[in-house]
There are 2 protein chains.
Amino acid sequence: MTQRATTVPGGLAEAHRKTIGILGGMGPAATVDLMRRVIALTPATDDADHIRMLVDCNPAVPSRIAALIDGTGPSPAPTLIAMARGLAKLGADMLAIPCNTAHHYLGDIRGAVSIPVLSMIDLSAETIALAHPGVAYAGLMASTAVRLTGVYENALTARGIKPLYPSPRAQQAVMDIIMAVKAGRTESLPGSALNDVLSDLQEAGAGCILVACTELSLLGVTGTDLPLHDASEILARSIVATALVHADRRAHPQQTLT
Amino acid sequence: MTQRATTVPGGLAEAHRKTIGILGGMGPAATVDLMRRVIALTPATDDADHIRMLVDCNPAVPSRIAALIDGTGPSPAPTLIAMARGLAKLGADMLAIPCNTAHHYLGDIRGAVSIPVLSMIDLSAETIALAHPGVAYAGLMASTAVRLTGVYENALTARGIKPLYPSPRAQQAVMDIIMAVKAGRTESLPGSALNDVLSDLQEAGAGCILVACTELSLLGVTGTDLPLHDASEILARSIVATALVHADRRAHPQQTLT
């Protein structure tokens, strides 16, 4: 009479959960930071309660900066497509990309696999629109490559919000910090390194701040009294919510096993 | 006349580096901790300088504790073998397992793939033997499952060293801490939680300490004046040294491209 799904120790139904594939390495520390956030956000009392993550932390993804800003490097698209296909083949049910700039190639990646690919850009824009109805400007802490691709323009303007970028001088400070993080020099960065950039965006009229670079997420940006959102944290929340949907259903088997 | 390998930005030769596959999820935070150590130990000035990591962070690996201590659970071997084969197929050149207890199944895993599988146990025993010639006893901070499997006995005694475990009471404290880490309750642990265990091992005659549980590695064990080694850090060092061997050769192409 009572039909039971196979459960794993910890009580959640493994067979009903989703596996997340992560296209990583852009940079490697940002990939590890996303994984850490997913683990922290997952309700768990033992190993078995966690979400399966299949991760390709690949340093061979061509530089987004070289391809998009300098125009000197090859497109990262073919490598990203190969990674996505590999992770899907290994068993990923959905994919995530912990690099805002790489979302310029989201269409290419989505076209190459039959599993869903989460968009950190759309998820972030939606989070801001829901949290701050009527806000006119969102201040973006992002790499210059993100700005050049315009990945946030469509997502934000479709929701009536305009992206606001730092002044050229402040933007250079942002880039210096991103490159320092990629070089592993986070210890040498003062906690206040981004304060001028935050002031800059506030003075220009930003109603909230979005940390839209996974390297900056690593630093744990603070130093503003504006509401602050973090694209990596938003992506991690979405991964956990999506992966555990089926596990939640399992808690009420009568709803699914009729 | 000068034959050049394809290089990636940052100067290292991607084609000459090795990709590490990581059998993870035991637990997930310990897997992330190993990745973080590999990234920190890799000489890098940009993303491209890092080592490719293919990671299966899998919560569905049956509990080593249930299988080995309680005797109630299924063997983790089939799942570990499937993970190893998947990572090899995806392109891993070698494998590592950030879980000391899981090394009980190292023979099964090695028998299932044709790529090398690093042994955190042998690497740790060798590190201790080289660092402390003539030491009689190495104090092991490890799960009770590690002790029951005896994975360290052969590796240490072959090098003339005897493993020393905490008293039953102290060992229970170790297990409580391991389970707290797996449940994500690291914040509630006092930094001194393991001090009694360390004293216990020192009084029993340990000449050095080996942190032989990846959950304890996460905590960054201190609180002893004995020399202290960490199996996760030793594994990370070995991954970096092995993966970059070919990149180092690339720096002297005449040695390989004759």
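A. Up close: the relation of the copies chain A and chain B. Relative to chain B, chain A is turned by 180° and slid 0.0 Å along the rotation axis, the superposed coordinates differing by an RMSD of 0.0 Å. The superposition operator between the copies reduces to a two-fold rotation axis. Considering only C-alpha atoms, the residue of chain A closest to the rotation axis is Val-55 of chain A, which sits at 2.4 Å. Interface residue correspondence from chain A to chain B reaches 100%, placing this contact among same-surface, isologous pairings.

B. Spotlight on helix H8 (residues 168-182) of chain B. With 15 residues, H8 of chain B should reach 21 Å at 1.5 Å per residue; the first-to-last C-alpha distance of 21 Å fits that figure. Taken together, the buried positions of H8 of chain B are occupied by Ala-170, Gln-171, Val-174, Met-175, Ile-177, Ile-178, Ala-180, Val-181 and Lys-182 of chain B.

C. The arrangement of the pairing of strand E4 (residues 137-141) of chain A in detail. Residues and elements named next belong to chain A. The buried count for E4 comes to four of five residues, which makes it a mostly enclosed element. Both E4 and strand E5 (residues 162-164) contribute to a ladder of three bridges, which runs parallel. Opposite Ala-138, over in E5, you have Pro-163 as the bridge partner. Strand direction decides the pairing type here: E4 and strand E6 (residues 208-211), joined by four bridges, are parallel. Counterpart to Met-141 in the pairing with E6 is Val-211.

D. Looking closely at the sheet that holds strand E3 (residues 94-96) of chain B. Taken together, six strands build an open sheet; the order of strands is E3(A)-E1(A)-E2(A)-E2(B)-E1(B)-E3(B) and the sheet is mixed. Two strands close off the open sheet at either side, each with one partner strand: strand E3 (94-96) of chain A together with E3 of chain B. Neighbour to neighbour, the strand axes of the sheet diverge by 20° on average, direction disregarded. Where strand E1 (residues 20-24) of chain B lies against E3 of chain B, three bridges are found, and the strand directions are parallel. Across the sheet, Ile-22 of chain B pairs through a bridge with Ala-96 of chain B, a residue of E3 of chain B. Where helix H1 (residues 28-41) of chain A meets the sheet, it contacts strand E1 (20-24) and strand E2 (53-57) of chain A, and its direction lies at approximately 170° from that of E2 of chain A. Packed on one face of the sheet, helix H1 (residues 28-41) of chain B meets E1 and strand E2 (53-57) of chain B and runs near 170° to E2 of chain B.

Cut-offs used in this document
Each chain has its residues counted from 1, following the order in which its sequence is written. Starting at A for chains and at 1 for ligands, labels are handed out in the order in which the entities are written. Thresholds applied to this predicted model are a pLDDT of at least 70 for local features of residues and 80 or more for the giving and counting of side-chain atom pairs; totals over whole chains, interfaces and linings are not thresholded and use all residues. Working from all heavy atoms in the structure, the side-chain values ignore hydrogens and water. A least-squares superposition brings the copies together, and it is based on the C-alpha atoms of residues with pLDDT no lower than 70 in both. The contact criterion used throughout is that any non-hydrogen atoms of two residues lie within 4.5 Å. Put simply, DSSP H or I for four residues or longer makes a helix, DSSP E for two residues or longer makes a strand, and each gets a number counted from the N terminus. A helix's residues, less one, multiplied by 1.5 Å, set its expected span. Think of it in three bands: with a 1.4 Å probe and only protein chains considered, a residue is buried below 20% of the maximum accessible area for its type, exposed above 50%, and partly exposed in between. The criterion for strand pairing is that DSSP finds at least two bridges linking the strands in question. Orientation is described by lines fitted to C-alpha atoms, with helices fitted over the stretch in contact, and by angles between N-to-C directions that extend from 0 to 180 degrees.

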